[in-house]
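# Close look at the chain arrangement
Residue-level listing of the chains:
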Amino acid sequence: MDGPADPAADQPPPGDDRAFLGHPQGLATLSGLEVWERFSFLGMQAILVLYFADTVADGGLGMDPGTAASVSAAYGTMVYLVSVAGGWLADRILGSYRAVLWGGVLIACGHYAMAVPTAAMTWVGLGLISAGTGLLKPNVAGMVGKLYRTADERRDAGFALYYMAINIGAFAGPLITGWLGENEGWHWGFSAAAVGMTAGLVQYVLGRRHLAGRKHSAEYALPPDAMRSAVTKIIAGCLGFAVLATLLALAGWLTMDRFVDLLTLVSVIAPAVYFAVMFRSPRVTAEERGRLRPYAVLFLASVAFNFILFQAYSTMMLLASTNARTTILGFDFPASWYASALGAFEVLLAPVVAALWTRMGSRQPHASNKIAIGVILGGLSFLLMVIPTSGHGGEAYKMAAWWIVGSYLLLGLGDVLLETSGMSATTKLAPKAYGNQTMALWFLSLALANGIQAQVVKVYGTVSDPVYFGVNGAVAVAVGLAVIALAPWLRRTMHPVH
């Protein structure tokens, strides 16, 4: 089948269009799902690197800080690499609604597995969460885009509200999982993440009638014979990979370091191959192909920013646990609560940004400039850390909490600007035949950012903190300035993105 069947039957009720704060009611359903998905994902991620680095006697895995950060980044790489398969499965086999549903089920099962206090179940759980997030993330964002017409000026504001909902979960998750993990045991924190994802699934199913793209069939479904063949090959491939990886690990060839390096290599190759496939596809028109070129620039900007952002849950978390005070106004808190500051700032800033774009209407900055400013703010968040870390070494010194909080403020504002504009632009620039898969390509930028991070963080602790944060921050600022320099060309080539 070459196109979607019966699109009218796939639309939400007519009265939904402005039922949720002037936006479609389906935005509330999808935002509610993401509140709980991010609660579980980022709540777990806030304590994951600390769990890896904690001693075996205290319930951790006993890794050194650089290795713990690298493995945590590699997990993030795997999560977003799988998003390519998730987009394809939604477009060709499952449909968006079922892809998101089954993705959420796998994520919940993964968190329940991690609640079991054994190292083996930790790795099983991370594998399930990776597969589930790959199904859920690219497709739920694509479903948000389907709620709006391409020229609808509410679109960017809608994505900002959606991103605000995401960060309500990002704020609440580390508060709960962090307190449980550091006070009751790491696996109690993972249990809280499991309960959160289950709650998200319940409200998603209950609100399904408000969604566009909720029908069970895929929009561009494969013919029945091809679909059966594809499903058989996918199952066989997954089983074959699992068996091969197990054998190589038992033989001593597939070590953790080699697995991390392999994921980084794949994170570099995958987006290059994916861009090449879309540029050459006969299903992509010449006009759509022209819009993919500026999209490649936005892709690289996303890589630069998210390389910084994801370290909020790795190197910044390690720095906070060893060299930052965990007391504010006489109140003691777990180090993992710093991660909640990032979510809190994004919750507060997202509606402000959404209101600003709505008020400015057609006068708001071009999407490429919003993204460029976001990248620069990300770089500045790391450059700020040069000040309190300069002239110190080891774990003897403790910086004031406000340094890390200030860094997260810059990072949070940058994230709101870049991710909302990036996701919105992606849904506009996507070739029609690759709608969900192009959203997956945006998430491949996150995979590449994590893949690069998995290598760079290995030097954390071996070079001075001012050098580490200063160099990484300066590179991000340089990338943001380069995107601003390309603004005239981007404005010409990104139509209908404004």
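Residues numbered from 1 in each chain as written. Predicted model: local features only at pLDDT ≥ 70, side-chain atom pairs only at ≥ 80, totals over all residues. Heavy atoms only, no water.

## Re the overall build of the chain
- Looking only at helices and strands, one finds 17 helices and two strands in the chain.
- Burial statistics for the chain: of 498 residues in total, 56% are counted as buried.
- Excluding contacts between residues fewer than 6 apart, the proportion of contacts in the chain whose partners are at least 24 apart in sequence is 84%.
- For the chain, the computed accessible surface area is about 19,400 Å², with 70% contributed by carbon and sulfur atoms. (Helix = DSSP H or I, 4+ residues; strand = E, 2+ residues; numbered from the N terminus. Buried < 20%, exposed > 50% of the residue type's maximum accessible area, 1.4 Å probe, protein only. Contact = heavy atoms within 4.5 Å. Areas by Shrake-Rupley, 256 points an atom, 1.4 Å probe, with all protein chains shown as cover.)

## Details of the packing of helix α2 (residues 65–94) against helix α7 (residues 224–250)
- Running from amino to carboxyl end, α2 crosses α7 at an angle of 145°, the nearest separation of the two axes being 11 Å. Taking contact as the criterion, the partners of W88, L89, R92 and I93 in α2 are, on α7, M227, A230, V231 and I234.
- Here the contact of α2 with α7 is built from residues that sort into seven nonpolar, no polar and one charged. (Axes fitted to C-alpha atoms, helices over the stretch in contact; angles between N-to-C directions. Nonpolar A, V, L, I, M, F, W, Y, C, P; charged D, E, K, R; others polar.)

## Quick word on the nonpolar core
- Residues M44, Y338, I404 and Y408 are the most contacted members of the largest nonpolar core, which totals 96 residues.
- If sequence neighbours within four positions are ignored, M44 has contacts with F39, Y75, H111, M114, L126, I129, T177, F190 and A193.
- Grouped together as the second largest cluster of nonpolar side chains are 32 residues, L30, V100, M143 and V347 included. (Core = buried A, V, L, I, M, F, W, Y, C linked by side-chain atoms within 4.5 Å.)

## Notes on the pattern of salt bridges
- Applying the stated criterion across every chain yields a total of five salt bridges.
- Across the pair E37 and R38 runs a salt bridge, and its minimum N-O distance is 2.7 Å. The pair E37 / R38 is uniform in exposure class, with both members buried. (Salt bridge = Lys/Arg side-chain N within 4 Å of Asp/Glu carboxyl O.)

## Some thoughts on the side chain of D415
- Tracing the backbone shows D415 in helix α14 (residues 401–429).
- At 8.5 Å, R38 is the nearest oppositely charged side chain to D415, a buried residue that forms no salt bridge. (Lys, Arg positive; Asp, Glu negative; His and termini not counted.)

## Description of the environment of G412
- Of note, G412 is situated in helix α14.
- The exposure class assigned to G412 is buried, which follows from its relative accessible area of 0%.
- C-alpha of G412 to C-alpha of L377: the two residues are 35 residues apart in sequence and 8.7 Å apart in space.

## Here we look at α2
- Here α2 is 30 residues long and its end C-alpha atoms lie 40 Å apart, about the 44 Å a rise of 1.5 Å per residue gives.
- At V84, α2 shows its strongest bend, of approximately 25°.
- Counting buried positions along α2 gives 24 out of 30 residues, so the element sits mostly inside the fold.
- If you check the start of α2, you find a side-chain oxygen 3.1 Å away from the backbone N of G66, and it comes from D64.
- Within two residues after α2, G95 carries a phi angle of roughly 85°, on the positive side. (Expected span 1.5 Å × (residues − 1). Bend = angle between axes of the 7 residues up to and from the residue. Polar contact = N/O pair within 3.5 Å; in protein donor to acceptor, adjacent residues only side chain to side chain.)

## Concerning the confidence of the model for the chain
- Residues with a pLDDT of 70 or more make up 90% of the chain, whose mean pLDDT is 83.
- Ranking the helices and strands of the chain by mean pLDDT puts helix α16 (residues 465–485) first, with 94, and strand β1 (residues 327–328) last, with 77.
- Under a pLDDT of 50 for its full length, residues 1–6 has, in the predicted model, ten contacts with residues more than four places off or in other chains. (pLDDT = per-residue confidence, 0-100.)

## Quick notes on a nonpolar patch on the surface
- On the surface, L262, L265, V266, V268, I269, V273 and V277 cluster together to form a nonpolar patch covering roughly 560 Å² of accessible area.
- Relative to the assigned elements, V266 resides in helix α8 (residues 256–280). (Patch = residues over 30% accessible without salt bridge, like charges linked within 9 Å, V, L, I, M, F, W, Y side chains within 5 Å.)

## A short note on the packing of aromatic side chains
- For the structure on display, the rule yields 15 aromatic pairs.
- On the basis of an interplanar angle of 35° and a centroid distance of 5.9 Å, the ring pair of Y51 and F52 is categorised as tilted. Both residues of the pair, Y51 and F52, belong to the buried class.
- Centre to centre, the rings of F275 and Y295 are 6.1 Å apart; their planes meet at 50°, and the pair counts as tilted. Placement of F275 in helix α8 and of Y295 in helix α9 (residues 286–309) is noted, with a sequence separation of 20 residues between them. (Phe/Tyr/Trp six-rings, centres within 6.5 Å; stacked < 30°, edge-to-face > 60°.)

## A few points about the side chain of S302
- You can see S302 is positioned in helix α9.
- Its relative accessible area of 0% is what places S302 among the buried residues.
- Residues contacting S302, with those up to four places away along its chain left out, are L418, W442, S445 and L446.

## Focus on the packing of helix α1 (residues 26–53) against helix α3 (residues 96–114)
- Look at α1 against α3: their axes get within 12 Å of each other, and the N-to-C directions meet at 35°. Taken as a pair, α1 and α3 cross one another with a handedness that is left-handed. Taken together, the residues of α3 that come into contact with α1 (itself represented by L33, E37, S40, F41, M44 and L48) are V100, I107, H111 and M114.
- Looking at side-chain class alone, the contact of α1 with α3 contains seven nonpolar, two polar and one charged residues. (Left-handed = near helix turned anticlockwise from the far one by under 90°.)

## So, the environment of V416
- Looking at the secondary structure, you find V416 in helix α14.
- V416 sits 70 residues away from E346 along the chain, and the two C-alpha atoms are 6.4 Å apart.
- Apart from residues no more than four positions distant in its own chain, V416 is found in contact with E346, L349, A350 and V353.

## Here we look at the environment of P224
- Tracing the sequence through the fold places P224 in helix α7.
- Between the C-alpha atom of P224 and that of I93, which follows or precedes it by 131 residues, the distance is 9.7 Å.

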